[in-house]
Amino acid sequence: MDDFYPLILAAGKGVRMRSDIPKVLHPLLGKPMLCYVIEAVRALHPSKIYLVVSDQSSMRKEELGNYPLEFIIQTEPLGTGHAVLQARHLLQDREGVLMVMNGDSPLITPQTLRGLLRSHRKSGAIATTLTAMLDDPTGYGRIIRGSDNRIEASVEEREATPSQRQNKEVNAGFYCFKIPHIFPYLAKIERSPHHKEYYLPDVFSILRKEGEEVNSFPASSPQEVLGINNRYQLAMVERLMREEFLKNLMMKGVTIVDPHSTYIDSTVKVGKDTVIHPQVVLQGYTRIGPRCQIHSFSKISHSWLGQEVIILSNSVIESSRIRKGARIGPFARLRPESLIGPQAKIGNFVEVKKSVVGRGSKANHLTYLGDAIIGKKVNIGAGTITCNYDGKKKWQTIIEDGVFIGSNTEIIAPLTIRKGAYIGAGSTITKEVPPHSLAIARDRQVNIKKWVLRNRKGKK
Ligand code: UD1
Ligand code: CA
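Residues numbered from 1 in each chain as written. Chains lettered and ligands numbered in written order. Predicted model: local features only at pLDDT ≥ 70, side-chain atom pairs only at ≥ 80, totals over all residues. Heavy atoms only, no water.

## So, the site of ligand 1
- The immediate surroundings of ligand 1 are formed by 23 residues, with Ala11, Gln74, Thr80, Glu156 and Asn171 found nearest.
- Between ligand 1 and Lys23, the relevant distance is 3.1 Å, taken from an oxygen atom to a side-chain nitrogen or oxygen of the residue.
- Asn171 has a polar backbone atom sitting 2.6 Å from an oxygen atom of ligand 1.
- Protein contact buries 94% of the 750 Å² of open area that ligand 1 shows by itself.
- The cavity where ligand 1 resides is the largest pocket.
- Looking at the shell around ligand 1, the elements with two or more residues in it are helix H2 (80–85) and strand S10 (169–179).
- Of the residues in the shell around ligand 1, the class split is 10 nonpolar, nine polar and four charged. (Near = heavy atom within 4 Å. Polar contact = N/O pair within 3.5 Å; in protein donor to acceptor, adjacent residues only side chain to side chain. Areas by Shrake-Rupley, 256 points an atom, 1.4 Å probe, with all protein chains shown as cover. 1 Å grid on protein atoms, 1.4 Å probe; cavity = no way out; pocket = protein on both sides within 12 Å on 5 of 7 lines; lining within 4 Å. Sits in = over half its atoms within 2 Å of the grid points. Helix = DSSP H or I, 4+ residues; strand = E, 2+ residues; numbered from the N terminus. Nonpolar A, V, L, I, M, F, W, Y, C, P; charged D, E, K, R; others polar.)

And the structure:
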């Protein structure tokens, strides 16, 4: 079989996005738009993927899936025809199929790309284009066919006549070309008088004039060819993707109470029999185990949750690990590098940062735990604060197994509270507390008898 060279068009100004970042890097369900096109064509197992970009510095290979990629720079965004020609010097000595893909059409599927390639090879034509029938073809190039039903041209909307605009068959932005034969024809594309750009689809009419055949292959659904040119289309495509992704999760045994108000990145994995309530946001490389409950208005990013974890409403969790059966929230905040042990409880208005909380330990109310290592079965009373910052450096607090900390305690780090110790409520602890001892660090109470009555008399 002949060789296969996929080329994704990912340069261009993206003027309609009105953005400082390249259009194809705008995220969809947590991944750059471009990743989806890369993933679709990867399924065809090319030895590498060529990408036409305006500037390589903003493209990070690891973000794009670590597939062998070769970047080709298009210094000026002179149109899709010009973009493909930037690959000429690399590919003109090769023989095979050049598959050109718009980088802004992330719903494309491997099946359709495979069909396009197969149809192209079978037809023997020099060019094959993917087409689709759209109810609303606004913004797309329209396919013009002759009386013999063969493709004569594809006309951009802005250059189309009113009757051509009525045509619902569009050029989808995915093509196969025979190389090296196509390059001389691409070089004949002229700048559009209106837009001063070299339009790739103009090559169809050039080919026809030269007596060459232009083959077409229909997309399996109109949806998969949707291109993203502005932020409204970005949101609409993301909605379609989300619907599909959540449906898949539900088919795999995850309960999503209201898919219309649940926002889960396509990078997230969720275990069976986990229940996700409305208005939950799960982002990045989050992994959620089986039989968990995630309640409303919680946001979890880049975190790992074991089985049977309960996240109550309004909790915010970032880059943390939560082990089996732990319960977090409502209104809890776990900042990066927090590790919550099995069966532990982090309750309302508790903030944890870069801390370990051991098995079965509890901090149920109004507490700050920062840079702390907390053992097993520790009880942290309401209003406990680890004072970890002296204005210059962060210091560590160690609280060993079985410690009981009374409410409203400040622990001035660095400090260790040894195994089984008790801290009296309202203490400010500044020294190590030995094992199994009671530490109280507060003024003793003084009761001045009848003081109130005496004062009242004085006033009169
Ligand atoms: C393009 C097609 C149109 C088709 C539609 C399908 C052209 C002229 N028109 O229109 O027929 O119906 O896609 O979605 O091709 N790009 C570059 N360099 C450039 C210009 C663009 O790399 O100089 C890239 C863009 O990043 C984008 C892709 O090419 O990923 C398509 O460009 P875009 O401007 O979005 O073309 P459309 O107007 O959507
Ligand atoms: Ca487009």
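Once the structure has been displayed, the description carries forward.
## A look at the packing of aromatic side chains
- Counted by the stated rule, this structure contains five aromatic pairs.
- With 5.7 Å between their ring centres and 15° between their planes, Tyr175 and Phe177 make a pair best called stacked.
- Residue class for Tyr175 comes out buried when judged on its relative accessible area of 3%.
- Taking the centre distance of 5.3 Å and the plane angle of 15° together, the rings of Phe331 and Phe349 count as stacked. Of the two residues, Phe331 sits in the loop between strand S24 (327–328) and strand S25 (333–334) while Phe349 sits in strand S27 (residues 345–353), which places them 18 residues apart along the sequence.
- On the basis of relative accessible area, Phe331 is assigned to the partly exposed category, the value being 40%.
- Put simply, the rings of Tyr175, Phe177 and Phe204 pair up and form one aromatic cluster.
- Lying over the aromatic face of Tyr36, Lys31 brings its terminal NZ or CZ to 5.0 Å of the ring centre. (Phe/Tyr/Trp six-rings, centres within 6.5 Å; stacked < 30°, edge-to-face > 60°. Buried < 20%, exposed > 50% of the residue type's maximum accessible area, 1.4 Å probe, protein only. Lys NZ or Arg CZ within 6 Å of the ring centre and 35° of its normal.)

## A look at the coordination of the calcium ion (ligand 2)
- Every protein donor of the calcium ion (ligand 2) is accounted for by Asp104 (OD) and Asn229 (OD1), and the metal-donor separations fall at 2.2 to 2.4 Å. Of this pair, Asp104 sits in the loop between strand S6 (96–102) and helix H4 (110–123) while Asn229 sits in the loop between strand S11 (214–218) and helix H8 (231–251); the two residues are 125 residues apart in sequence, bridging distant segments of the chain.
- With a relative accessible area of 10%, Asp104 lands in the buried category.
- Judged by relative accessible area, Asn229 falls into the buried class, the value being 17%. (Donors = N, O, S within 2.8 Å, 3.2 Å for Na, K, Ca; no water.)

## A short note on the pattern of salt bridges
- Applying the stated rule across the entire model yields 18 salt bridges.
- Residue Glu210 pairs with Lys188 through a salt bridge whose shortest N-O separation is 3.1 Å. Taken together, the residues span a long stretch of sequence, with Glu210 in the loop between helix H7 (203–209) and S11 and Lys188 in the loop between helix H6 (182–186) and H7 at a distance of 22 residues.
- Between Glu238 and Arg242 there is a salt bridge, and its shortest N-O distance comes to 3.5 Å. Separated by four residues within a single helix, Glu238 and Arg242 lie in helix H8, roughly one turn from each other.
- Look at Arg242 and you get buried, because its relative accessible area is 16%.
- Here the salt bridges share partners, and the residues they tie into one network are Arg60, Glu62 and Glu63. (Salt bridge = Lys/Arg side-chain N within 4 Å of Asp/Glu carboxyl O.)

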